[in-house]
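# Report on the structure
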Amino acid sequence: MAGQVLALDQGTTSSRAIVFSRDSAIVSLAQQEFPQILPQPGLVEHDPEAIWNSQLAVAKQALAAADIDQIAAVGVTNQRETTILWERDSGKPVANAIVWQSRVSAPICERLKKDGHEASIREKTGLVVDAYFSGPKIRHLLDSIDGLRARAERGEILFGTVDTFLIWRLTGGRRHVTDVSNASRTMLFNIHSLEWDDDLLRIIDVPRAMLPEVRHSSEVYAETDESVLGVRVPIAGDAGDQQAATFGQACFDVGSAKNTYGTGCFLLYNTGTTAKMSENNLLTTIGWGYGGEVTYCLEGAVFIAGAVVQWLRDGLGIIESSADVERLAAEVDDHGGVYVVPAFVGMGAPYWDPHARGAILGITRGATAAHIARAAVESIAFQSRDLLDAMQRDSGGAIKELKVDGGASINNALMQFQADLLNVNVHRPVVAETTALGAAYLAGLAVGVWSDLDEVRQYWTLDREFTPQMDDAQRNGRYRQWRRAVDRSLDWEEPA
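Residues numbered from 1 in each chain as written. Predicted model: local features only at pLDDT ≥ 70, side-chain atom pairs only at ≥ 80, totals over all residues. Heavy atoms only, no water.

### Thoughts on the environment of D198
Note the threshold: Counting from the N terminus, the helices are DSSP H or I runs at least four residues long and the strands are E runs at least two residues long. Pairing of N or O atoms within 3.5 Å defines a polar contact, subject to two protein rules: one partner must be a possible hydrogen donor and the other a possible acceptor, and residues neighboring in sequence count only if both atoms are side-chain atoms.
Relative to the helices and strands, D198 is located in helix α8 (residues 198-204). A distance of 2.6 Å separates the side chain of D198 from the side chain of R208, its partner in a polar contact.

### A word on the nonpolar core
Filter applied, for reference: In plain words, nonpolar cores are sets of buried Ala, Val, Leu, Ile, Met, Phe, Trp, Tyr and Cys residues tied together by side-chain atoms within 4.5 Å. Exposure is judged per residue with a 1.4 Å probe applied to protein chains only, and the accessible area is read against the type maximum: over 50% gives exposed, under 20% gives buried, and values in between give partly exposed. Whether two residues are in contact is decided by their heavy atoms, any of which lying within 4.5 Å being enough.
If you look at the biggest cluster of nonpolar residues, it comprises 107 residues, and the most contacted ones within it are L85, Y132, M210 and Y261. Residue contributions to this core peak at 13 residues, all from helix α13 (residues 369-395). Every residue in contact with L85, bar those within four places of it in the chain, is listed here: P93, V94, A95, I138, L141, L142, L148, I157, L158, F159 and M210. Grouped together as the second largest cluster of nonpolar side chains are 35 residues, A17, A62, W86 and V177 included.

### Here we look at the pattern of salt bridges
Stated precisely, the cut-off is as follows: Counted as salt bridges are all cases of a side-chain nitrogen of Lys or Arg within 4 Å of a carboxyl oxygen of Asp or Glu.
By the definition in use, this model includes 32 salt bridges. R80 serves as the salt-bridge partner of E81, at 3.7 Å between the closest nitrogen and oxygen. A single burial state applies to E81 and to R80, both of which are buried. Across the salt bridge formed by R149 and D143, the nearest N and O atoms sit 2.9 Å from each other. A residue is classified by how much of its surface remains accessible, and D143, at 45% relative accessible area, is partly exposed.

### As for the environment of N259
Looking at the secondary structure, you find N259 in strand β15 (residues 257-261). Looking at N259, the relative accessible area reads 0%, which means it is buried. With 145 residues separating them along the chain, N259 and V404 place their C-alpha atoms 4.9 Å apart. Apart from the residues within four sequence positions on either side, N259 is in contact with C265, F266, L267, S384, L402, K403, V404, D405 and Q418.

### Topic: the sheet that holds strand β23 (residues 462-466)
Stated precisely, the cut-off is as follows: Strands are labelled as partners when DSSP assigns at least two bridges between them. Here, axes are lines fitted to C-alpha atoms. For helices the fit covers the stretch in contact, and angles between N-to-C directions go from 0 to 180 degrees.
Spatially, the seven strands line up as an open sheet ordered β17-β18-β16-β15-β21-β22-β23, and their pairing is mixed. Edge positions in the sheet fall to β17 (283-290) and β23, since each of these pairs with one other strand and no more. When strand polarity is set aside, the average angle formed by the axes of neighbouring strands in this sheet is 30°. On top of the sheet, helix α10 (residues 241-248) reaches β15, β16 (265-272), β17 and β21 (401-405); it is set at about 60° to β17, its chief contact.

### Looking at the packing of aromatic side chains
Note the following rule: Stacked, tilted and edge-to-face are the three classes applied to pairs of Phe, Tyr and Trp rings, where Trp contributes its six-membered ring and a pair requires centres within 6.5 Å; stacked means planes under 30 degrees apart, edge-to-face means over 60, and tilted covers the rest. Here, a charge over a ring is recorded when the distance from Lys NZ or Arg CZ to the ring centre is within 6 Å and its angle to the ring normal is within 35 degrees.
Counted by the stated rule, this structure contains 20 aromatic pairs. Ring geometry for W100 against F266: centres 5.8 Å apart, planes inclined by 70°, an arrangement best described as edge-to-face. One end of the pair, W100, is in the loop between β7 (97-98) and α2 (106-114); the other, F266, is in strand β16, with 166 residues separating them in the sequence. With relative accessibility at 5%, the residue F266 sits in the buried group. Taking the centre distance of 5.1 Å and the plane angle of 70° together, the rings of Y132 and F303 count as edge-to-face. With Y132 in the loop between α3 (118-125) and α4 (134-144) and F303 in the loop between β18 (293-302) and α11 (307-316), this pair connects stretches of sequence that are 171 residues apart. With relative accessibility at 0%, the residue Y132 sits in the buried group. Here the aromatic cluster, defined as three or more aromatic residues joined through ring pairs, consists of W100, Y132, F133, F266, F303 and W352. Its end group placed over the ring of F266, R80 keeps NZ or CZ at 5.2 Å from the ring centre.

### A short note on the sheet that holds strand β5 (residues 71-78)
An order of β3-β2-β1-β5-β14-β13 is seen for the six strands of this open sheet, with the pairing classed as mixed. Each edge of the open sheet carries a strand with a single partner, namely β3 (26-33) and β13 (218-223). Sheet twist, expressed as the mean angle between neighbouring strand axes with direction ignored, is 25°. Relative to strand β2 (residues 14-20), strand β1 (residues 4-10) is paired through six bridges, and the arrangement is antiparallel. In the sheet register, D9 faces β2, and the bridge partner there is R16. The sheet contacts of helix α1 (residues 48-64) involve β1, β2, β3 and β5, and relative to β2 the element is tilted by about 25°.

### Some words on helix α6 (residues 162-170)
Across the nine residues of α6, nine count as buried, placing the element largely inside the fold. Those residues of α6 that sit buried are V162, D163, T164, F165, L166, I167, W168, R169 and L170. In the segment just after α6, G172 is the residue with positive phi, at about 65°.

Okay, structure coming up:
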């Protein structure tokens, strides 16, 4: 039997394709960045065709460098909540994709809160009412484009998060489908009944006719169209990027947790088959559907993590490449009293303030670019501490270890500071591409490349452990100052 799996990892700033062997090793990898569209402060868009073209190009590159006859399945993972609408007949997008970071639908969310819908939405979806999620983005597009709502009600316009759009294109328009993990991020899906919810559709004003079929995360949905990849292969795995990373980190046991350091930062904690509702402003989300069961997670979401390094590069111009940040930050012995709060598009969990804006505090005449770089990198760890504290209060116990992945996890200084700040051992795996690996596992399990979760679990191997070195007084003092800095950034922008 063919023993390799192609994972398509469509992220916020780039598209990747990775072929994994049965022992979880990378056979081939291709990556391509695509443009970010920033029409106004706080608004973020993508060209859906740029998403598709970049993902298709890297898929072909990865397959060309592997043995295509060995490919048993395709798994898809994606930037979540990003919203695409397209024509059913032509397959053409009707507008730019609204990216998960975008605050364009914040006014819709404010109206939903004022109309008293927050509690019922939270109860059914596990989510807070925020512009982060897909449902309000759909409504914004339907309200903004003449005639689009009527076309959507007639079934002429389809909605999908990026996974759905990719599967539609990969199957030549034959399959309009998503999985439970992506559906749980729309604010339209009841995570208890596992169905699109009529009350939510009415409240948010989204026609049911445009929604995809919802399936589990590990099953055969369809085959790729031969004209697309040159081969017919089962598409058998689908999960949002953070859920896929949790699966790829083998966080299968209740109480296990991982943190992904990407464009944003996402901490997920496995709560098993119980949808535990947060009392500390975290999200309750579906992790994955596998083997006839749904696994739930508590999640904390930070909107700007690795993206703060891109800002140092592209906005301030103090580094030439993202890889330079560790060297620049190391030029100073400490942060010099400087704190950077990267609230460029508001603050996510546990603050949920769309009106927060970025701030640099503690600047003196002695502050340098190196201090700002160090404080910017440290902001990633501080925001993760916000999440972990809330998660431990919700779970009622201490998390003993944290598995990490994502681009910024290669920064050894950041990972050491993270361990120091959390007072928790931080474990980085050998295979850093855990998001793509999770998608591969989900697809491979569906077609028999791997037999069960116990087999998958044995492939997780430790690259490096970071243990806390900071004393309690310093740890707590630094964190108190961080919270003071955050307080000054909250509620900065006046609502329109």
